[in-house]
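Summary of the model geometry
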Amino acid sequence: MNVYEQLISEWLSIQGYVVINNAKVGRNASGESEHNASKGGWAGELDVVGWNPVTGDLVNYEPSIDAKSWPKREERYTRKFSVAKKHIKDIPQLAAVPKGALKSLRCVAVLSHSPKGMPERMKWLDGELITHDALMDDIEQWLLDNYCVTARGAIPETHPLLRTLQLALLGSYRRRAGKRAA
């Protein structure tokens with residue numbers, strides 16, 4: 001799991017999601033994959049899957065910092081989203097969830113940037129695209145709304161990346177937002 005996936009996992013987890021990382025899905029009985037020419041036996045791997053048992057929200061985040069062309073990205077994410085939606089119920093940790101408790105799957109690509117002239121958040125392919133900056137804005141706003149400075153409520157040690165962001169963005173005794181503007 002890379003640092004991008006770890007950050008998203010921590011953020012979902014602290015919000016009450018059951019988080020599953022790097023879930024291989026779509027095992028073919030013959031050992032051949034329906035999507036993988038190497039006959040590796042799996043249709044794909046879902047980077048970060050989160051299910052919120054209170055709201056029923058089910059989400060699959062697929063972060064990437066690749067520098068591929070947009071046509072290549074579209075091809076890759078069309079396949080990734082298709083595999084996720086087809087095989088989400090293959091994940092053992094979700095097998096015991098009662099039918100009807102899972103909302104439809106939201107697939108989110110988190111990319112370093114969107115094409116020139118396009119927004120940082122948009123419907124894309126059969127899911128959503130958000131940029132790295134938009135994700136960081138969401139996390140920073142969530143920190144402001146829920147934790148503020150560490151002296152008044154530190155993120156638990158079990159979430160080291162979020163705790164580091166809390167310290168870097170908000171400080172320990174005072175808000176740093178005014179200091180950043182100076």
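Please refer to the structure higher up on the page.
Below is a short write-up of the structure. The shown structure was predicted, so the numbers you read here are calculated from the model rather than taken from an experiment.

So, how was this worked out
Residues numbered from 1 in each chain as written. Predicted model: local features only at pLDDT ≥ 70, side-chain atom pairs only at ≥ 80, totals over all residues. Heavy atoms only, no water. Axes fitted to C-alpha atoms, helices over the stretch in contact; angles between N-to-C directions. Helix = DSSP H or I, 4+ residues; strand = E, 2+ residues; numbered from the N terminus. Parallel < 35°, antiparallel > 145°, perpendicular 65-115°, else oblique. Contact = heavy atoms within 4.5 Å. Nonpolar A, V, L, I, M, F, W, Y, C, P; charged D, E, K, R; others polar. Salt bridge = Lys/Arg side-chain N within 4 Å of Asp/Glu carboxyl O. Buried < 20%, exposed > 50% of the residue type's maximum accessible area, 1.4 Å probe, protein only. Pairing = 2+ DSSP bridges. Phe/Tyr/Trp six-rings, centres within 6.5 Å; stacked < 30°, edge-to-face > 60°.

1. Observations regarding the packing of helix α1 (residues 3–14) against helix α4 (residues 160–170)
If you want to describe how two helices pack, look at the angle between their axes and the distance between the axes. One can describe the packing of α1 onto α4 by two numbers: an axis separation of 8 Å at closest approach and a directional angle of 85 degrees. Put simply, α1 runs roughly perpendicular to α4. In contact with V3, Q6, L7, E10, W11 and I14 of α1, α4 contributes P160, L161, L162 and L165. By residue class, the composition of the contact of α1 with α4 is eight nonpolar, one polar and one charged.

2. Regarding the pattern of salt bridges
Under the counting rule described, the total for this entry stands at nine salt bridges. Of the charged contacts in the structure, one is a salt bridge between K85 and D126, with a shortest N-O distance of 3.2 Å. Taken as a pair, K85 in helix α2 (residues 70–87) and D126 in the loop between β5 (121–124) and β6 (127–131) lie far apart in primary sequence, 41 residues in all. On the basis of relative accessible area, D126 is assigned to the partly exposed category, the value being 47%. Between R121 and D138 there is a salt bridge, with the nearest N and O atoms lying 2.4 Å from each other.

3. Some details on the sheet that holds strand β3 (residues 58–64)
Across the sheet, six strands lie side by side as β1-β2-β3-β4-β6-β5; this open sheet has mixed pairing. Edge positions in the sheet fall to β1 (18–25) and β5, since each of these pairs with one other strand and no more. Strand after strand, the sheet turns through a mean of 30 degrees between neighbouring axes, direction not considered. In this sheet, strand β4 (residues 105–111) lies alongside β3 in parallel orientation, the contact comprising seven bridges. Looking at the pairing, S64 lines up with L111 of β4. Against the sheet, α2 makes contact with β1, β2 (44–51), β3, β4, β5 and β6, and its axis sits at roughly 150 degrees relative to β4, the strand it touches most. Packing against the sheet, helix α3 (residues 132–146) makes contact with β4, β5 and β6, and its axis sits at approximately 85 degrees to β6.

4. What to know about the packing of aromatic side chains
Counted under the stated rule, the structure contains four aromatic pairs. Ring centres of Y77 and F81 lie 5.9 Å apart, and the angle between their planes is 70 degrees; on these two criteria the pair is classed as edge-to-face. Highlighted residues: Y77 and F81, both in helix α2, separated by four residues, approximately one helical turn. Take Y77: its relative accessible area is 0%, and that puts it in the buried class. According to the relative accessible area criterion, F81 is buried, its value standing at 1%. Centre to centre, the rings of Y77 and W124 are 5.6 Å apart; their planes meet at 50 degrees, and the pair counts as tilted. On the criterion of sequence distance, the pair formed by Y77 in helix α2 and W124 in strand β5 is long-range, its members being 47 residues apart. W124 matches Y77 in its accessibility class, with the two residues each being buried.

5. Details of unusual backbone geometry
Positive phi, close to 50 degrees, is recorded for N22, a residue that is not glycine. As for its position among the elements, N22 is in strand β1. Not every positive phi belongs to a glycine, and L125 is a case in point at roughly 55 degrees. For L125, the location among the structural elements is in the loop between β5 and β6. The class for L125 is partly exposed, based on a relative accessible area of 39%.

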